[in-house]
Every structure is written in C-alpha cells, then in structure tokens.
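# Results of the structural survey
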Amino acid sequence: SFLFFFGLLGFTPDHARATAIGFEGGVSYGRISSGSDSGSALGYGGGLTLELHIRRVGFETGGFLRKRAFGTSRRSYLTFETSETLRFWITRWIGIGVGGYFSQAFGKVTTVDTTTTFTAQGIRKIDYGIFPTLSFEARLKNRLHLAFDLRFHYGLRNISLNSVESRRFTEFLAMTGLRYFW
C-alpha cells in the first residue's frame, strides 16, 4: 500500500495534490455476530495515518494499535490494525469513503474475571473486513487540521475456531485527531 501511495505521489502535479500525516485516537463499540457472548462492549486505540489528496479524492493508509472489546463479559484483546481508505470530499470539509482493514491480535484475551488464550476463547487472531466512513475536517491553522472520522467495520472473516459456528466481528468507531498537510 505504501508503494502505491508514493507511486501516486510521484505522478501527480504539485498544484493538484496535498499530503497529510495524521495522529488519531478514538473509541469503538464492538460485538461478535453470534455465540454465547455476543453482546457489545467499548474499546479504544490510536495510530498514524498518511493521506494523499488529489483534487477531491483522498487515498489514506493507516496503522493503529487498538484494544478490541465485545460481549457481555467484556472480552478484550490488543490488535495491530492496518486500513486502506478511498475518500471522496463532497465539500472541502466533509468526505465519504470506503475502505478495508486487516487486524492481527496479540497477547491474551481478558474478561471481567480472567485472562485466557485465543484458542480457549474459540476465536482467531486474524480478522479482515470492509467499512464505510464519514469524515469531517476543520482547519486550525494554515497546515494543521482537526479531523473527525466515523466508521462501521464489518468483518468478512469467520473468526470462530469451531467449523460449525460462524462468528464475525462488527464495530462502530469514532476517531478524532490532528492532520498536518505539506
């Protein structure tokens, strides 16, 4: 994704593009689609984004360290997540887009009263999916912008280790942060 990003950067005229690096943090409200503990729970995280604007189109890649959570027993675990987003700016400050994500979990799964392995919980460490996004941006100074992004992650991978059961992760995310344009 970074090679594609910098390839676009090299072939776009200077007057038609802007590049931004962003630092974003946020909260999520996640759930697993089925199973004995399919309730929702709050998670949080943050990371870096790199975006190339070509006129009204933005290509964004990002890396996030997140605590994903789900279930009535508030199961949670750490993930490193990468995302790719194609965003269309309707106005100078409002954008809509679509994207995909890949999430790699690590560590152990924690609940209210215990810590266990992913195998014991019956879930896989790798997840991927798609998402729509609604973005808002406001200029604070000449090159510094405040960003706000709403996303709905829809997991495409069955994360259940049980071959009979289908479990998919879905979550709402609200992220805010700063973007610096150059």
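Residues numbered from 1 in each chain as written. Predicted model: local features only at pLDDT ≥ 70, side-chain atom pairs only at ≥ 80, totals over all residues. Heavy atoms only, no water.

Here we take up the overall build of the protein. Scanning the protein from N- to C-terminus turns up two helices and nine strands. Ordered by position from N to C terminus, the α and β elements of the protein give α-β-β-β-β-β-β-α-β-β-β. Across the 182 residues in the protein, those meeting the buried criterion constitute 41%. Once local pairs closer than 6 in sequence are excluded, the contacts in the protein between residues at least 24 apart make up 62%. About 9400 Å² of surface is accessible on the protein, with carbon and sulfur atoms providing 66% of the total. (Helix = DSSP H or I, 4+ residues; strand = E, 2+ residues; numbered from the N terminus. Buried < 20%, exposed > 50% of the residue type's maximum accessible area, 1.4 Å probe, protein only. Contact = heavy atoms within 4.5 Å. Areas by Shrake-Rupley, 256 points an atom, 1.4 Å probe, with all protein chains shown as cover.)

Bringing the pairing of strand S2 (residues 40–54) into the picture now. Bridge analysis of S2 against strand S3 (residues 57–70) gives 11 bridges, and the strand direction is antiparallel. Directly across from Leu52, in S3, lies its bridge partner Phe59. Where S2 hands over to S3, the hairpin turn is made up of two residues, of which Arg55 adopts a positive phi near 55 degrees. (Pairing = 2+ DSSP bridges.)

So, on to the side chain of Asp149. Positionally, Asp149 belongs in strand S8 (residues 144–155). Here the side chain of Asp149 touches Thr133 through a polar contact of 2.5 Å, side chain to side chain. The residues touching Asp149, leaving out its near neighbours within four places in the chain, are Arg87, Thr133, Leu134, Ser135, Leu173, Ala174 and Met175. (Polar contact = N/O pair within 3.5 Å; in protein donor to acceptor, adjacent residues only side chain to side chain.)

Enumeration over the complete set of coordinates arrives at 13 salt bridges. The shortest N-O distance in the salt bridge between Glu51 and Arg87 comes to 3.1 Å. A residue pair is termed long-range when its members are at least 10 positions apart, and Glu51 in strand S2 and Arg87 in strand S4 (residues 75–89) qualify at 36 residues. Salt-bridge contacts for Arg151 lead to Glu60; the nearest nitrogen and oxygen are separated by 3.0 Å. Of this pair, Arg151 sits in strand S8 while Glu60 sits in strand S3; the two residues are 91 residues apart in sequence, bridging distant segments of the chain. Of the two residues, Arg151 and Glu60, both sit in the buried class. Here the salt bridges do not stand alone but share partners, grouping Glu24, Glu51, Glu60, Arg87, Glu137, Asp149, Arg151 and Arg179 into one network. (Salt bridge = Lys/Arg side-chain N within 4 Å of Asp/Glu carboxyl O.)

So, on to the confidence of the model for the protein. Here the protein shows a mean pLDDT of 87. Residues at 70 or above account for 88%. Overall, residues 9–16 carries pLDDT values under 50, and its contacts beyond four positions in sequence, including any with other chains, amount to nine contacts. (pLDDT = per-residue confidence, 0-100.)

For the rest of this paragraph, the subject is a nonpolar patch on the surface. Together, Phe88, Ile90, Trp93, Ile94, Ile96, Leu134, Phe136, Phe148 and Leu150 make up an exposed nonpolar region whose accessible area comes to about 730 Å². Contributions of two or more residues to the nonpolar patch are made by strand S5 (94–110), strand S7 (126–139) and S8. Here Phe148 lies in strand S8. (Patch = residues over 30% accessible without salt bridge, like charges linked within 9 Å, V, L, I, M, F, W, Y side chains within 5 Å.)

Turning our eyes to something else, we now look at unusual backbone geometry. You will see that Arg55, though not glycine, has its phi angle at about 55 degrees, which is positive. Residue position: Arg55 is located in the loop between S2 and S3. Looking at Arg55, the relative accessible area reads 62%, which means it is exposed.

Attention now moves to the packing of aromatic side chains. Under the defined criterion, the tally for this structure stands at five aromatic pairs. With centroids separated by 6.0 Å and ring planes inclined at 90 degrees, the aromatic side chains of Phe70 and Phe169 adopt a geometry described as edge-to-face. In this pair, Phe70 sits in strand S3 while Phe169 sits in strand S9 (residues 169–181), placing the two residues 99 residues apart along the sequence. With respect to class, Phe70 is no different from Phe169; both count as buried. On the basis of an interplanar angle of 50 degrees and a centroid distance of 4.8 Å, the ring pair of Phe152 and Phe172 is categorised as tilted. One end of the pair, Phe152, is in strand S8; the other, Phe172, is in strand S9, and 20 residues separate them in sequence. The class for Phe172 is exposed, based on a relative accessible area of 51%. Its end group placed over the ring of Phe169, Arg68 keeps NZ or CZ at 4.0 Å from the ring centre. (Phe/Tyr/Trp six-rings, centres within 6.5 Å; stacked < 30°, edge-to-face > 60°. Lys NZ or Arg CZ within 6 Å of the ring centre and 35° of its normal.)

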